[in-house]
Amino acid sequence: GTMNEVVNGLAHSSVPIGILPGGTGNGLAREAGIGINMISAANQLSQWVPRRISLGLCTTQTSTRYFLLLCGVGFDALVIYRLRTSAKGFLGKKFSYWLEGFSLVSHRLPEFAIDVGGSLNRATLAVASRIRNYGGDFVLAQSVTLLDDDFEVVLLTGRTAISYLRYLAAVVGRRIQHARGVTFLRARAIPLSPLAHDASTVYVQLDGDHMATLPVSLEIVTDCVTLLLPPHYGLSPEYHSQRMVAL
């Protein structure tokens, strides 16, 4: 949430943004190979280099907002929306997220439509990601980096929360790319809309905070902000995978 506020305030400026890990998931710090130790990160700050990167832009029927890391539509956004008014918040955000997700075990998840490059897809969760880290602890997207000028789009099709237990096991086992019902795509612009015959509300989250409901459109805005990143950032996905496991 904090970094999302920062990039929305500094989009299209030349002010460089440094990263100190003090958040809940620290997804950006993990992604960049900075780690989650604030003192260690502060000691490295002078070695980082400015990199001009793209942002995602989410447009609803009434507003627009940038996002730095990812946009989630469907199941994970539903969990985040329910946590806004949940009494579970005192347990801590990350634990509450999983607890709330498991509480939806009997819930039938609504499908929605995603247009990726002219190909119409259906899913119950779509993640348009600019990083591979998901939730601070896991790898979901497989190859995207902040230096790319597109999204890696991950689509999941399970209709019940129980099917998401299978996806979770695949993520934990680092084999989500081989799981049935999971699709990986790349795109620069993505319209998302509810299905005409389904009156269910489908929620949207940006960088871990509730944003809106469908319909929305997502697009890449290039050359948008300057991040201070370690000089090694942008090397092979295998390198970052090893770094993220170590961190």
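Residues numbered from 1 in each chain as written. Predicted model: local features only at pLDDT ≥ 70, side-chain atom pairs only at ≥ 80, totals over all residues. Heavy atoms only, no water.

**So, the nonpolar core**
Counting residues in hydrophobic clusters, the biggest one holds 52 residues, and the most contacted among them are Leu28, Leu55, Leu68, Phe75, Leu146, Ile176 and Leu227. Mapped by element, the contributors of at least two residues to this core are α1 (2-10), α2 (27-31), β2 (49-59), α4 (75-83), β7 (125-129), β10 (151-156), α6 (161-172) and β15 (216-229). The element best represented in this core is β15, accounting for six residues. Core analysis: the next-biggest nonpolar cluster, separate from the first, contains 25 residues, Cys71, Val73, Ala123 and Ala212 among them. (Core = buried A, V, L, I, M, F, W, Y, C linked by side-chain atoms within 4.5 Å. Buried < 20%, exposed > 50% of the residue type's maximum accessible area, 1.4 Å probe, protein only. Helix = DSSP H or I, 4+ residues; strand = E, 2+ residues; numbered from the N terminus.)

**Examining the sheet that holds β10**
Ordered by their spatial adjacency, six strands build an open sheet running β11-β10-β7-β4-β13-β14, and the pairing between neighbours is antiparallel. At either margin of the open sheet sits one strand with a lone partner, and together these are β11 (182-187) and β14 (209-213). Neighbour to neighbour, the strand axes of the sheet diverge by 20° on average, direction disregarded. Here strand β4 (residues 70-74) runs beside strand β13 (residues 203-206); their pairing, made up of three bridges, is antiparallel. Paired with Val73 across the strands is Val204, a residue of β13. (Pairing = 2+ DSSP bridges. Axes fitted to C-alpha atoms, helices over the stretch in contact; angles between N-to-C directions.)

**Overview of unusual backbone geometry**
Look at the link from Leu214 to Pro215: it is a cis peptide, with omega at 10°. Residues other than glycine seldom take positive phi values, yet Arg174 does so here, at roughly 55°. You can see Arg174 is positioned in the loop between α6 and β11. Despite not being glycine, Asp207 shows a phi value in the positive range, around 50°. Position of Asp207 among the secondary structure elements: in the loop between β13 and β14. By relative accessible area, which is 12% here, Asp207 ends up buried.

**Examining α6**
The periodicity of an α-helix, 3.6 residues per turn, causes residues three or four places apart in sequence to face the same way. Its twelve residues give α6 an end-to-end C-alpha distance of 17 Å, which sits within 8% of 16 Å, the value for a rise of 1.5 Å per residue. Taken as a whole, α6 has its buried residues at Ala161, Ser163, Tyr164, Tyr167, Ala170 and Val171. Around the axis of α6, the buried residues are gathered within 145° of arc, so they sit on the same side. Exposed side of α6, more than 90 degrees from the buried face: Ile162 and Val172 are the residues found there. In the segment just after α6, Arg174 is the residue with positive phi, at about 55°. (Expected span 1.5 Å × (residues − 1). Arc of directions from axis to C-beta.)

**What to know about the packing of aromatic side chains**
In this structure the tally under the stated criterion is four aromatic pairs. Considering the side-chain rings of Tyr164 and Tyr167, the 5.0 Å spacing of their centres and the 85° angle between planes classify their relative orientation as edge-to-face. Residue Tyr164 and its partner Tyr167 are located together in helix α6, separated by three residues, close to a single helical turn. Put simply, the rings of Phe75, Tyr164 and Tyr167 touch in pairs and so form one group of aromatic residues. (Phe/Tyr/Trp six-rings, centres within 6.5 Å; stacked < 30°, edge-to-face > 60°.)

**Focus on the state of the cysteines**
Covalent bonding between the sulfur atoms of two cysteines is what defines a disulfide. Here the structure, examined in full by the defined rule, presents zero disulfides. With no disulfide of its own, Cys58 lies 5.1 Å from the sulfur of Cys71, the closest cysteine sulfur. Taking the relative accessible area as the measure of exposure, Cys58 reaches 0% and is therefore buried. (Disulfide = S-S within 2.5 Å.)

**A short note on the side chain of Asp76**
Among the structural elements, Asp76 can be located in helix α4. Asp76 gets classed as buried once you look at its relative accessible area, which sits at 1%. Among the polar contacts made by the side chain of Asp76, one reaches the side chain of Gln205 at a distance of 2.8 Å. (Polar contact = N/O pair within 3.5 Å; in protein donor to acceptor, adjacent residues only side chain to side chain.)

**Overview of the side chain of Thr124**
Note on placement: Thr124 falls in the loop between β6 (119-123) and β7. Of note is the side chain of Thr124, whose polar atom sits 2.7 Å from the side chain of Tyr164. Leaving out residues up to four positions away in the same chain, Thr124 has contacts with Val73, Gly74, Phe75, Leu109, Pro110, Glu111, Phe112, Leu156, Thr157, Gly158, Arg159 and Tyr164. (Contact = heavy atoms within 4.5 Å.)

**Considerations on the pairing of β4**
The element β4 is extensively covered by neighbouring structure, given that five of its five residues are classed as buried. Where β4 lies against β7, five bridges are found, and the strand directions are antiparallel. In the sheet register, Gly74 faces β7, and the bridge partner there is Leu125.

**Section: the confidence of the model for the chain**
Here the chain averages 88 in pLDDT, while 87% of its residues score no lower than 70. Below pLDDT 50 for its whole length, residues 87-91 participates in six contacts with residues either more than four positions away or in separate chains. pLDDT under 50 marks residues 242-247. Its contacts with residues more than four places away, or in other chains, come to 13 contacts. (pLDDT = per-residue confidence, 0-100.)

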